[in-house]
Each structure stands twice: as C-alpha cells, then as structure tokens.
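Commentary on secondary and tertiary structure
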Amino acid sequence: MKILFLSGYFEKPYEAEIIDKTKTYVEYAANAFEEKLINGFKNNGQEISVFSAPFIGAFPTAYKDIYFGGFKGEKSKEVNYVKFLNIWGIRNISRAAALKRALKKYIKENKNEEILVLVYSPHTPFLEAADFVKSRCYKAKICLVVPDLPQYMNLATEKRAVYDFFKKFDIKKFYRLSENIDFFVLLTEQMKDILKVGNRPYAVVEGICDDLKEDKQEKTQIKTIAYTGKLNEVFGVKNLVESFMKIKNDNLRLIIAGSGELSAWVEEKAIEDGRIIFKGQIPMSEAKKIIAECDICVNPRENNSEYTKYSFPSKLIDYLSQGKKTVAFKLDGMPEIYKEFIFSAERGIDNAINEALNSPNKTEKFREYANKNLRKEAVADRILNMVEK
C-alpha cells in the first residue's frame, strides 16, 4: 500500500524564514506531529509521498507574504510544496486548488494502486484534495488525523466577528466532506461522537513521540520551570505566571517561550519579577533545549471548558518524553493513567510546583506506556493495522 500524506508540514531548513515572516505564532506543535508521523512510516519501511500547503498565518494580520511561492533556495526532495494565494478569506480556496493541481501527476502514476490518503487535521482544503484523489483512484481510502476539532482550532479571545461568520461555513463544509472519510485517528475517545464517526474504524492516539529519555539534569541550587507554546489566556498562561509569582523562592526561575495574545503582558511581568525569563518566539530547536535543561515543565491548561474533552496538549507528551517532572491539570480528554505521570495542579500550580520540587520523578511509568502506544513507529503501525483489517 502506498501512502499519500496531505499536510501543512515544513522542513527544518525553512523554519527561520517562517519565523521571520510570521506576525503571530508558528504552528510548531502541528509541524512536530507531522514530522514524527512521516518518520514513523519511513522507519517502518513504508513508502510515503508528502504534499504540503504549509501551516503559515494568513496575510495581512499573521504573515508578511500575500502569496506563498515556495521557500527561498528550496531544493526539497522529500516534500512537494504547493503555491497559493495567502490572503485571508480566499486562501483556503487557493490552497485546495493548488493541491489538486499538484496531485494530478501523482494520480496519473498511481491510478490503479492501493493508496492510503492520510490527511493531517480537519482542514477543508486538505479534505477537498483527498476527495479529489479518492474520486479518481478507485482503490484509495482516506484516513483523517484529528489533532483538534474545527470549531476549537482558534481559541484566542480576540477574534473578529467576520472570522466566526466564515468559520461556521467552513465547519459545515468539513462535516459534509467528512462523510467520505474511511478511517480516523483521534486524540481523545470523546471526539468520535462529535465527529459522527459511527461504525467507521478509528484509533485513539493522544500524541506521538521520538526517543524517550530519562532526566539527567545536574542538581543545582537554581531550579528552572519551563512553559513552551502559545501565549493565549485560554491555555492558562496567565494563571501560570501569577501562580509562580506567589512562590517566595529566589532560587526559582520561570522560562516562557512562545507568542500570542498575552506576549506583552508576560513581558511586563518579566520586568516586574526578575525571576521570570521571557524568550518570545524561538525556533523549535531552542525550545527543545529549554525543555532539556529545565527541572520542571508546566502545562497550565485548565479543565474548565467543553473543548478539553476534544483536545490533548501535545506539549504534555513532549515534556514527559524528555523525562521531565511535569505539572498539569487532569483534562477530561486524558486517559486516567496520566494521573500516574503528572503532578496535579488541581490544588494550585504553585502547590504542584513545590510538590514536584520535593518529590521523585514519575516518568519511568510514562516511558513504559509510551514505548507501547506513542512511539512514532508504533503509531504508524496502529494506523496501518486499522486500515488493513
């Protein structure tokens, strides 16, 4: 079986260009998931063809370019990047059309082959392109990987009414296109109901990881706490900063890396409390280094809204797979076993940080669990096993 991957993936050589042109935040979590999924199939000896309309922000508010014409000096042999108009409001139409044009040659060469069209995220241009392939290749099947539901893909508090208006049409279109999906990969069990999966096969994979490590951080007097990701209020960033400021310990440091609606606020708090170090938007490699060198990681997302049933924070997998003591809330979408891996923030993030500072690490149990369920090769196998039944 051949695998066709429709995604928003971009390779590492082009990361600096995306950072330079991005006005809001870079979709690192999505990119990391896509990269691991690609490598999982490759490591298992599977042939995979990657077509990408990269996940960049829309012009003019989130990205500098009105037209995506590929990357500077692009010589990729691994990914087929499509070119599209990047203007907000019409770019989805352009992205879908560009993918269809790019796929014509692939369809012609593989018309009679068994093809798994693997689609990352409920992004309607990708599903339109997948449907285009399926209608022309009679042995093709579609598998949708759902990291977030379409109605919860933008949780920023500062959204325009026009965004909400057009989003309603996009969601209706998604559900119409989803009728042609054959298989689903979901991050939480609860997703199956709202997606109307019905009797169609699905697998629940809350995350995907590379190498699983033990924390070998040297013991020092100064202890660092880290958060990496979007700085939106809904993700609990304000609660994290305010909780940290309650802790009266001059030997603690809070490192925050990312960007979003709270960037200016975090910057102000870093001036107010010299123990807070604000890095802003940084490359993924630097974020990984921060995680590797810190003592405790925090995911401050609270279990206080409906969407937590339908989402799993990828940063939690990143933190635990690096062997880090991790402070987090138990969310409705998390399997119960995660209670054994985290330091619960239910009694306050500040209390959980203090508990983590004075307790043994819990990530040995997570490594056992992740080796079986979340390693990239295991996830690729689960998808193929589901498809080939």
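Keep in mind that what you see is a predicted model, and the values were worked out from it rather than measured. (Residues numbered from 1 in each chain as written. Predicted model: local features only at pLDDT ≥ 70, side-chain atom pairs only at ≥ 80, totals over all residues. Heavy atoms only, no water.)

Below, the discussion takes up the sheet that holds strand β8 (residues 183–186). The strand order across the open sheet formed by seven strands is β4-β2-β1-β6-β7-β8-β9, and the pairing between neighbours is parallel. A single partner strand is all that each edge strand has here, and the edge strands are β4 (79–81) and β9 (202–204). Strand-to-strand twist of the sheet, defined as the mean angle between neighbouring strand axes without regard to direction, takes the value 20°. Two elements, strand β6 (residues 115–120) and strand β7 (residues 140–146), share six bridges in a ladder whose sense is parallel. Bridge assignment links V119 to a residue of β7, and that residue is L144. Packing against the sheet, helix α3 (residues 91–110) makes contact with β1 (2–7), β2 (48–52) and β6, and its axis sits at approximately 180° to β1. (Pairing = 2+ DSSP bridges. Helix = DSSP H or I, 4+ residues; strand = E, 2+ residues; numbered from the N terminus. Axes fitted to C-alpha atoms, helices over the stretch in contact; angles between N-to-C directions. Contact = heavy atoms within 4.5 Å.)

Another point: the layout of surface pockets. What the second largest pocket holds in volume is close to 230 Å³. For the second largest pocket, the full set of lining residues is D215, Q217, E218, K219, K223, D295, I296, K325, A356, L357 and N361. Residue composition of the lining of the second largest pocket, grouped by class: three nonpolar, two polar and six charged. (1 Å grid on protein atoms, 1.4 Å probe; cavity = no way out; pocket = protein on both sides within 12 Å on 5 of 7 lines; lining within 4 Å. Points joined across faces, edges and corners; volume = space filled by probe spheres on them. Nonpolar A, V, L, I, M, F, W, Y, C, P; charged D, E, K, R; others polar.)

Right, let's talk about the pattern of salt bridges for a bit. Counted by the stated rule, this structure contains 21 salt bridges. Measuring nitrogen to oxygen at the nearest pair gives 3.9 Å for the salt bridge that ties D211 to R375. With D211 in the loop between β9 and β10 (223–228) and R375 in the loop between α12 (363–373) and α13 (376–388), the pair connects residues that are 164 residues apart, well separated along the chain. You can call R375 partly exposed: its relative accessible area is 21%. Shared partners join several salt bridges into a network, and the residues in it are E17, K21 and D65. (Salt bridge = Lys/Arg side-chain N within 4 Å of Asp/Glu carboxyl O. Buried < 20%, exposed > 50% of the residue type's maximum accessible area, 1.4 Å probe, protein only.)

Another aspect to go through is empty space enclosed by the protein. Counted by the stated rule, this structure contains one cavity of 30 Å³ or more. Considered as a void within the structure, the largest cavity measures approximately 30 Å³ in volume. Every residue along the wall of the largest cavity is listed here: I18, T22, Y25, V26, E27, F55, I56 and G57. Partitioning the lining of the largest cavity into residue classes produces five nonpolar, two polar and one charged.

Turning our attention to the pairing of β2. The element β2 is extensively covered by neighbouring structure, given that five of its five residues are classed as buried. Every second residue of β2 is oriented toward a common face, with I48, V50 and S52 on one face and S49 and F51 on the other, all of them buried. Two elements, β2 and β4, share three bridges in a ladder whose sense is parallel. If you follow V50 over to β4, its bridge partner there is V79.

Side chains of E47, E113, E114 and E388 sit close together on the surface and give a patch of like negative charge. Following the sequence through the fold, E113 ends up in the loop between α3 and β6. For E113, a relative accessible area of 36% translates into the label partly exposed. (Patch = residues over 30% accessible without salt bridge, like charges linked within 9 Å, V, L, I, M, F, W, Y side chains within 5 Å. Areas by Shrake-Rupley, 256 points an atom, 1.4 Å probe, with all protein chains shown as cover. Lys, Arg positive; Asp, Glu negative; His and termini not counted. Charge placed at Lys NZ, Arg CZ, Asp CG, Glu CD.)

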